[in-house]
Every structure is written in C-alpha cells, then in structure tokens.
Amino acid sequence: MLLRLLNSCLIASTLAFVGCSTSPTRTAPAAPLHSVEGIHEYRLGNGLQVLLVPDASKPTTTVNVTYRVGSRHENYGETGMAHLLEHLLFKGTPSHPEVWSEFTKRGLRANGTTSFDRTNYFASFAANPDNLKWYLDWQADAMVNSFIARKDLDTEMTVVRNEMEMGENNPGRMLFQKTVAVMYDWHNYGKSTIGARSDVENVDIESLQAFYRLYYQPDNATLVISGKFDREQVLAWIEASFGKIPKPTRELPRLYTLDPVQSGERSMTLRRVGGTPMLMAAYHLPPAAHPDFAAAEALALILSTTPSGRLHKQLVETRLASSIFAETLGLADPGFALIGADLAPGQDPDKARDALLAVIEGFAESPVTQEELDRAKTQWLKAWDQQFTNPEAIGVALSASIAQGDWRLFFLLRDRVQALTLADVQRVATERLVRSNRTLGIYLPTAKPVRAPTPAAVDVAEQLKTFVPKAGADATEAFDTSPAHVEASTLRFTLPSGLEAALLAKPTRGQAVRATLTLRFGDEKSLAGKTSVGAMVAALLDKGTTSLTRQQIQDRLDALRTEVSVADGPGSVSFGIVSRREHIAEAIALVGRMAREPVFPQAVMAEVRQQTLTAIEQQRDEPRAIVQNALLRHDNPYPRGDVRHARTFDQIVADVQAVTPAQVQDYHRSFYGASDAQFAAVGDFDAAAVRQALEAAFGPWKSPSPYTRVPRPFFAPDATRMVMQTPDKQNAVLGVQQHVPLNDTDADYAAFALANFMLGSGGDSRLWKRIRERDGLSYGTWSSVDWNPFEANSLWAATAIYAPQNRDKVEQAFREEVALALKAGFTDQEVANAKQALLSYRRLGRAQDDRLAATLSSHLYLDRDFAFEQRVDEAVEAVTPAQANAALRKYLQPQTFVFGLAGDFKKP
C-alpha cells in the first residue's frame, strides 16, 4: 500500500510535506453533529472530527489530537514506526522549529503516546487564549508539515532505543510483551508497540515519511478540547488552522486480519536476573464495542478487588502470592484480559499457578454472586465517574473510545456496565475464561476441547442505535485561581483538639472534592527505631476498625464514590480524599474512624508485611533504586535507628520482619491524635457541613504526646563517584546530588530556582537539549531542587537514563553542560523565557484542586498563606540574568557533586 501511495502522489523534495490532494482551498466550516452529556461533536469539510467539552469550573484547558494509527497499522519491517513517528513530530516544522522550547516557555504540560490502535498528542495548561491558539496552530501545522527528517531520525532513534532498554529492565513489562506475543498468531496486537530493535534501528526515512503522509491527515484524526475556553472563538480558530488543510483523496488501507479461535493452552517462560516471580494468564476477549466487553470489565474486578476479590482471598490471604492483578484491554479488534500474581521470595510458583488458574477458570463450579456483581459495578462506575468529572482527564480518556470505533462508546460502555445481569457475567466467564483460550502453562491433548466464541468484528453504528445519552452533564461556572482570590476565598479555623483547617469551596465538574488530612506526632527521640512500625500502622489503617471490617470499609467507600489513600512519613501520616459534595462529610467521618479506631488484624498485617518485602525485593536489582539508595546513604551522618538515617535494603527487610503486633498497637496508642494536624479541602462542598464533620471526627481527639519537628541541618557529604553493577539490565541510570545551603525563604531562592529551571527542568533546559535532543543519548534527563522550608539545607539533584555502553558519553555531556552554564551563564532571552514558563507552571499548579489542597495544608503547617505564593511569583518575575547566573555560580559546586552510576557496564 505504501508503494502504491508513493507512486500515486507527487513527493516533495523539501522538508515540508502535504497530503495527497487535488483541492488546495479551505474546507467548509465545522458542522455540528452529536451532543452527548456535555460533549459536542463537529466535522470539518476535510474530515476532521472535533469534540468540544466546555467546563469553566477549572481554569485549565486540555487539547488532545488522536490519530487512528498505532502499532496495529504497521507492516513487516515497520514495527515501532507509529511510536517513532510520535517522537519525530515533536522535532518541529519549518514554521514551528523549536516545539519543546515553546512548550516550556508557555507552561504547557505536553506529551504524546502510542498504543495498538491510536497515537495521541495532548497538552494541559492554565487557561490562556494565546496558548490555546498557538497549540492549535502547531497541531494543524504538524499534521501535514512536520520535518520527519533524516537528521532527526538519527538522534531520536537512539532515544527511542533507550526507552526500549528502559522497558527491558522491567521484568513485568517484558513478561507482558512475551505473553501477548505468544497469544496472537497473526494480528499485530501480538507485537510490542515500541517495536523490534532491528526495525527501530534500521527504519528508512522514506518509509517513515510515507507512513506519516498516509495516516496524518484530517479525515483520520479527532481533535478534543476540554476545560475552559470560548466555544465560538475556538471553532473559528480550528477552521482557520485545520480547515485550510485539503481533504485527502487517498484511500486508507482496510485492515481485516483476525486471529482464529485459540484451540489450546499456550505457555512461555521468561528467565532474567533480579525481581520476584510473577504469573500472567491472558485470555482473548471481544472488541471493546462488543456487548460482552462490559461483563469482562466486571469479571476483572470480581477477580482482583482487594480484599473481596476471589484471587485475593485464594492467593494473597493463603500466602501463595503477595499481590494479584487483573485488567482488560479494550481494543478496536478482539483484545484480551490479563490476570496474574506477584510472588514473594520463597513462595512456590507451581502452587500459585495452580491456584490462580483454578480461580480464574472456576466460574462454572462457583458462579458469580449478586453481591460480587453489585460490588464490581459500583467500583467500576465510581472510577468512570471520577474520570468523567475531571476536565483534564476526559480530554485524553476519549482517545481510547475514538480508537475503538466511536467516542460515544465511552458512554455506551458505562450504560452496559450499569445494565449487567448475573446471566451476562456468568455466560462470558464460562465462554471466555477457559483453558483452551488461555496463554499460560503447557499443552495437553484433550478429547473434547472447550473453545471460546469465534472472534468477530463489531458494527459500531449498529451497537449505538439503542444508546441514549444521559442529560445534565454540562460544566459549571468559572473560578479565579490567582493567589489573592484563593486567599480571599479560603476559610480557616482551628478545632479544640488543635487541628487546623483550610476550606476552599469552588465550583467543580461533577461536584468533585479533593481533601488532605495530615497528623503529626513524636520527636527525634521517641520516633527512633520505629520507621517500619509507623509504616505498618499507616498501611493497616484502612484494613478494619472496631466497628467496621476491611470489606465494610471498602464497600462504604464505594457507596460514597470516595477514594482514600494513606501515606506515612517520619512522624506523620496523611490521608488523601477524593469525594463529591453529597458524600464528603460522610467520607470525613469514615476517615476519622479509620484514624482513631483501627484494630490491626494480624492476618492482614502478615499480608502487608509480605507485600512490603516483595516490593523491596523487586527494587534490589533496579538501577534507579540502587542509585537512589546509594546517594542517600553516602556520608549520611545519622546513626542506625534515627529517622534521618538512610537504610540499606537488608536493613529495611530486617526492620519490616521485626515489626510485632504489640509494637503496632503501642505506636498508635502513643502517637496518634489531632493536636498537631492539618486538614485542607478544595472543591464543591458545604463549608458548614465539612466543619461539622471535622468537629465530630477530630474535634476532641488530642494527641497523647507532644510533637516536635525533627531538624535537618545542613551537611556536606564528601564528593565521590560510585559505580554499581546491575547484571542483565538494559538501561542504566546516572544520579547526581549536592546539598545546597538554602531554604525556600532565602533571598536567593527565586534566582537559584530559576537557574536550575534553565539548567535541567523542562523541554528548553540545557541538559535536555544537549543529552536528549542533540546527542540522542537519553529518554529522560533533568535536575530539580527538593526545597527545605526550615533549615538552609535543600537538595539539588540531577539524573539521566541511558544505554550502559553510553555511560561515559552521558557523564561527559552532563559535566560539560554544567561547566558551560557556570562559565558563560544564561542569556537574557533564556531568562525571559524561563520566567514566563515557570510562572505559567505555577499558575497551572494552582488550577489543580489536589495541588491546591496540598498547598493549603502545607501553609497551615508552615504558618503561611497565599500571599506567600504571590511574593514568590513576584520574586521570580524580578530575577535578572545577572542574579540567576550569580546564584548558580554561588551555590552549584561541581567539585562537591556526589555521582552514582548503575547499569550492566560489563557488557560490550
């Protein structure tokens, strides 16, 4: 097909390409088509599909362009071509030659992804008409005028290869790739999206250009814009930018390959160094548009939900595995379910495999119950609802449904899940989850094989005939997230216990609420030697209370459409809450019971211990984890047991194994209380009801002992260069650290932050442009500062990933760029661009409700308000080139750098 296309089109010899067309005139204006629950569809005359999802409640805009091309569309010798093309599109056009730099200057959080059926490019940013228009212009320009040049392919190929090598370090990712490859005979779903190494290394530029011209055309693309924007203005911009692209005259190839029904179990074994045992069982499923796919989604939850899931009960609670998982891949053609288990060291893979398969394929003997189905539907619909109410998430989430055949499948699947019956789910389980449809284990002769239904395509239009959109899903009013307005809109108060609260009521899509609660306790002496005990307490808080079992807690959260996460730190525990207006008060009450009345079941404690040990074991051989651990431990001045001491992997294992039930009970009894606590909530809620809920849950709950922050004074580790071998790892890691005598209130804070931004943060930084863009040595390289809000002791760090054989080149490039920045400094234009970008990113951060809640909570702890954020913005805006360069030279000292390098450096 590509050769026929080349023969039928005039190929330009310049770097700019246009699609095969006979009509250079502007197409007809956007014609409105379907409107479904706040999403409005239009079609340009050249075939471009446009979806607008207006939502003024959050001052951000997300733009997503989805092309209906992925690894499924690649021919022999072209594997990885769709993904490689995704990378090359960011290399620019004659009119937009510096794409990543523009993203950074404008504060765009942008990227692209490639999957089996589609490629998409997206960006989120603080609502700004100028940035929106620029991004639309770039996307339209990139659609037909991207360079796709030989010089860019030469460097980006090595970057993609490094990304491939990064994936090859992950046993789970490689097991997935190998299992799916065994699963398919003919269909391209059996080939990894990232492609074969030989194809990526040898692809010719002419084939890549032809692939680009064939698929990157308006009639093969969908533009989605969600968030805050002027609909009429945006439609005019779309017509002006995309509308001038001619309608293609070429025919897209018709893909028709389907695998035959699998007629027997298959197996493969992957042997690699490091990690822990893992089992995967893959089963063929119908396309996502098929009515049976909803039942498959429910079955995945029935199997994998913790703690009620069948696999959790039969494998995790019996100690045959440390954790389990299950997911379905909804694709345009018949996809698959992937179900498996992670094993801890010492657990028997054979016993775990037998138990895993017995549960998955045991629905005939143990049918689905109504309780299981109701729970699965509630959980699935809660997750769908949370995604749909997030204007940034919905803009990108529609990509999957677009690739599956029609964006309205996003809603049709929801309706099908709501309508599921026991008969539906039981039938699909007994048809699909059968031995002959499985990829795992060995072949055995079978007299009467049981086979799954024959794969078949689905008429999407036919499936949508009975679909009725739900009403009332439009967005709400706008909200100003400037520091002054946020401060003026925030209600603060203190409870009798001492808990401080900050409430910011604002409109949100779907009346969503984000909240965070942090309890602080203990001091340097009382917390000594109890790090793993504190982590165990935090991990068990949601596993049962004096009045609620673990399952009842989970069921209650599902009924409230609420997610609660628990995270521990030295002398603290934090609860993250995602809920809705009508449920936030009850969610707070439930969190209060979890924090105040845990029962710490010993059986669950053993389960958590095993999962923790498994996670540690999986990190032992990972280059990134090894480097991070080595950097933390180098010259650490604190003794074993101190909360600031950095432990070895063996020490962490020993501490986890030593935790006893009595220690857990004593830790909670001795430390937990709300005397030194902060709560912050952002979203659509009744402030009076939230305050009442807080008073009932935490008002009288005082801490049994006082809290004193553990100090972290400045220290300077000796400069060193540590090289660590990680056999059989295809990806290597460079880590660099230096302690800086600054905190985030220092007069030099803004200047050094801006200097670091230009050195190693974002797509316009020196490290990025040299190591990734120019030399093509790394998929990712960056630097950052972990700012200390108290002592003048912040941590500057830099990192890069790369192929082990490129270690010396990466290290040399890093040292040269740091030296050049220190010697020559940054230009006036660099500083101006960086200030604009950094301030835009700060505005974008204030538009995220979870970030706002975290900032409000932090302000309570640090005795700050949003006037502090305004002062930071003003300080950044006031930084001069001379100040930025002086700060970098004053604080960044290469002679004190601590280097850590880990990889398989013994390989040629």
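Residues numbered from 1 in each chain as written. Predicted model: local features only at pLDDT ≥ 70, side-chain atom pairs only at ≥ 80, totals over all residues. Heavy atoms only, no water.

## Here we look at the overall build of the protein
Convention followed: Where helices and strands are cited, they refer to DSSP runs of H or I of at least four residues and of E of at least two residues respectively, numbered from the N terminus. With the radius of gyration taken over C-alpha atoms, the globule rule is written as 2.2 Å times the number of residues to the power 0.38. For every residue, the accessible area obtained with a 1.4 Å probe (protein chains only) is divided by the maximum for its type, and the residue is called buried under 20%, exposed over 50%, and partly exposed between those limits.
Looking only at helices and strands, one finds 33 helices and 22 strands in the protein. For the protein, whose C-alpha radius of gyration is 28 Å, the value lies close to the compact-globule estimate of 29 Å for 908 residues. Based on the C-alpha atoms only, the size of the protein along its principal axes is roughly 80 × 75 × 60 Å. Taken over 908 residues, the protein has a buried fraction of 59%.

## Overview of the sheet that holds strand β5 (residues 109–114)
Paired through their backbone hydrogen bonds, the strands of a sheet run either parallel or antiparallel. The test is simple: Pairs of strands are assigned from DSSP output, requiring at least two bridges between the strands. In this description, a line fitted to the C-alpha atoms serves as the axis of each element, helices being fitted only across the stretch in contact, and the angle between N-to-C directions of two axes falls anywhere from 0 to 180 degrees. Any pair of residues with heavy atoms lying within 4.5 Å of one another is described as a contacting pair.
The seven strands are arranged β1-β2-β3-β7-β4-β6-β5 in an open sheet whose pairing can be described as mixed. Each edge of the open sheet is held by one strand with a lone partner, namely β1 (31–36) and β5. Pairs of neighbouring strands in the sheet enclose a mean axial angle of 15°, with direction left out of account. Against the sheet, helix α14 (residues 391–404) contacts β2 (39–43), β3 (49–54), β4 (60–67), β5, β6 (119–126) and β7 (221–227), and its axis sits at roughly 10° relative to β4.

## Details of unusual backbone geometry
Cis geometry marks the peptide bond from Thr306 to Pro307; its omega dihedral reads 5°. If you trace the backbone, Pro307 turns up in the loop between α10 (293–304) and α11 (310–316). Although it is not a glycine, Arg561 sits at a positive phi angle of roughly 50°. For Arg561, the location among the structural elements is in the loop between α20 (550–559) and β15 (563–569). On the basis of relative accessible area, Arg561 is assigned to the partly exposed category, the value being 36%. Although it is not a glycine, Asp635 sits at a positive phi angle of roughly 55°. On the secondary structure map, Asp635 appears in the loop between α23 (623–633) and α24 (649–658).

## A short note on the sheet that holds strand β19 (residues 732–740)
Ordered in space as β18-β22-β19-β21-β20, the five strands form an open sheet in which the pairing is mixed. Across the chains shown, the open sheet's two edge strands, defined by having one partner strand only, are β18 (720–725) and β20 (781–786). Taking each pair of neighbouring strands and ignoring which way they run, the sheet shows an average axis angle of 15°. Examined bridge by bridge, β18 and strand β22 (residues 898–903) share six bridges and lie parallel to one another.

## Description of the confidence of the model for the protein
Put simply, the rule is: The predictor rates its confidence in each residue with pLDDT, a number between 0 and 100.
The share of residues in the protein with pLDDT of 70 or more is 95%, and the mean pLDDT across the chain is 93. pLDDT under 50 marks residues 1–25. Its contacts with residues more than four places away, or in other chains, come to 46 contacts. Confidence drops under pLDDT 50 across residues 441–446; counting only partners more than four residues distant or on other chains, this segment forms seven contacts.

## A word on the pattern of salt bridges
Stated formally: Think of a salt bridge as a Lys or Arg side-chain nitrogen and an Asp or Glu carboxyl oxygen that are within 4 Å of each other.
Using the criterion set out here, one finds 69 salt bridges in the structure. As a salt-bridge pair, Glu165 and Arg197 come within 3.6 Å of each other at their nearest N and O atoms. Pair noted here: Glu165 is in helix α5 (residues 150–168) and Arg197 is in helix α7 (residues 197–202), with a separation of 32 residues, a long-range link. A relative accessible area of 3% means that Glu165 is categorised as buried. Accessibility expressed as a relative area gives 29% for Arg197, which makes it partly exposed. It is possible to trace a salt-bridge network through shared partners that takes in Arg161, Glu165, Glu168, Arg197 and Glu201.

## Looking at the packing of aromatic side chains
Rules: Think of it this way: a Phe, Tyr or Trp ring, Trp meaning its six-membered ring, pairs with another when their centres are within 6.5 Å, and the plane angle makes it stacked under 30 degrees, edge-to-face over 60, tilted otherwise. Either the NZ atom of lysine or the CZ atom of arginine qualifies as a charge over a ring when it sits within 6 Å of the ring centre and within 35 degrees of the ring normal.
Applying the stated criterion across every chain yields a total of 40 aromatic pairs. With a centroid separation of 5.9 Å and an interplanar angle of 75°, the aromatic rings of Phe752 and Tyr891 are classed as edge-to-face. Taken together, the residues span a long stretch of sequence, with Phe752 in helix α27 (residues 749–760) and Tyr891 in helix α33 (residues 881–891) at a distance of 139 residues. Through a chain of ring-to-ring contacts, the aromatic side chains of Tyr67, Phe90, Trp100, Phe103, Tyr121, Trp134, Tyr135, Trp138, Tyr212, Tyr216 and Trp768 assemble into a single cluster. Here the guanidinium or amino end of Arg864 rests over the ring plane of Phe868, the centre of that ring lying 4.1 Å away.

## Quick look at helix α22 (residues 602–619)
The condition is simple: Expected span, for any helix, means 1.5 Å times one less than how many residues it has.
Along its 18 residues, α22 runs 26 Å from first to last C-alpha, staying within 8% of the 26 Å computed at 1.5 Å per residue. Buried residues of α22: Val604, Met605, Ala606, Glu607, Val608, Arg609, Leu613, Thr614 and Ile616, and no others. Residues of α22 that are buried sit in contact with α11, α19 (531–540), α20, α24 and α25 (661–671).

## A few points about the pairing of strand β12 (residues 490–494)
Each regular strand shows side chains that alternate between the opposite faces of the sheet. Judged from the five bridges that link them, β12 and strand β13 (residues 500–505) form a sheet pairing that is antiparallel. Its bridge partner being in β13, Arg492 is matched across the sheet by Ala502. Taking the residues that link successive antiparallel strands as the turn, the β12-β13 hairpin has five residues, and the phi of Gly498 there is positive, at about 115°.

## Some words on the packing of α27 against α33
For clarity, the cut-off: Should an angle fall under 35 degrees it is called roughly parallel, over 145 degrees roughly antiparallel, and 65 to 115 degrees roughly perpendicular, with every other angle called oblique. Note on residue classes: Ala, Val, Leu, Ile, Met, Phe, Trp, Tyr, Cys and Pro are nonpolar, Asp, Glu, Lys and Arg are charged, and everything else, Gly too, is polar.
Where α27 contacts α33, the axes come no closer than 8 Å and their chain directions differ by 90°. Relative to α33, the element α27 is oriented roughly perpendicular. Here Ala751, Phe752, Ala755 and Met758 of α27 come into contact with α33, specifically with Gln883, Ala884, Ala887, Leu888 and Tyr891. Broken down by class, the residue content of the contact of α27 with α33 amounts to eight nonpolar, one polar and no charged.

## Some points on the side chain of Thr490
We count it as follows: Nitrogen and oxygen atoms within 3.5 Å of one another constitute a polar contact, given that in protein one can donate a hydrogen and the other can accept it, and given that sequence-neighbouring residues count only through two side-chain atoms.
As for its placement among the helices and strands, Thr490 is situated in strand β12. Among the polar contacts listed, one links the side chain of Thr490 to the backbone oxygen of Val486, at a separation of 2.6 Å. Contacts of Thr490, omitting those with residues within four sequence positions, involve Ala502, Leu503, Leu504 and Leu856.

## With respect to the environment of Ser783
In this fold, Ser783 is placed in strand β20. Separated by 27 residues in sequence, Ser783 and Asn756 place their C-alpha atoms 7.0 Å apart. Discounting chain neighbours no more than four positions away, the residues touching Ser783 are Asn756, Leu759, Gly760, Ser761, Leu767, Trp796, Ala797 and Ala798.

## Here's the deal with the pairing of β4
Burial of β4 is extensive: eight of the eight residues sit out of reach of the surface. A two-sided burial pattern is seen for β4, the buried positions comprising Thr60, Thr62, Asn64 and Thr66 on one face and Thr61, Val63, Val65 and Tyr67 on the other. Bridge count for β4 against β6 is eight bridges, and the pairing is antiparallel. Considered in β6, the bridge of Val63 is made with Ala123. Two strands pair when backbone bridges link them, and β4 and β7 are joined in this way by seven bridges, in the antiparallel orientation. When the sheet's bridge partners are listed, Tyr67 is paired in β7 with Ala221.

## Brief notes about the environment of Phe388
Structurally, Phe388 is set in helix α13 (residues 370–388). Through-space distance from the C-alpha of Phe388 to that of Asp199 is 38 Å; in sequence the pair is 189 residues apart.

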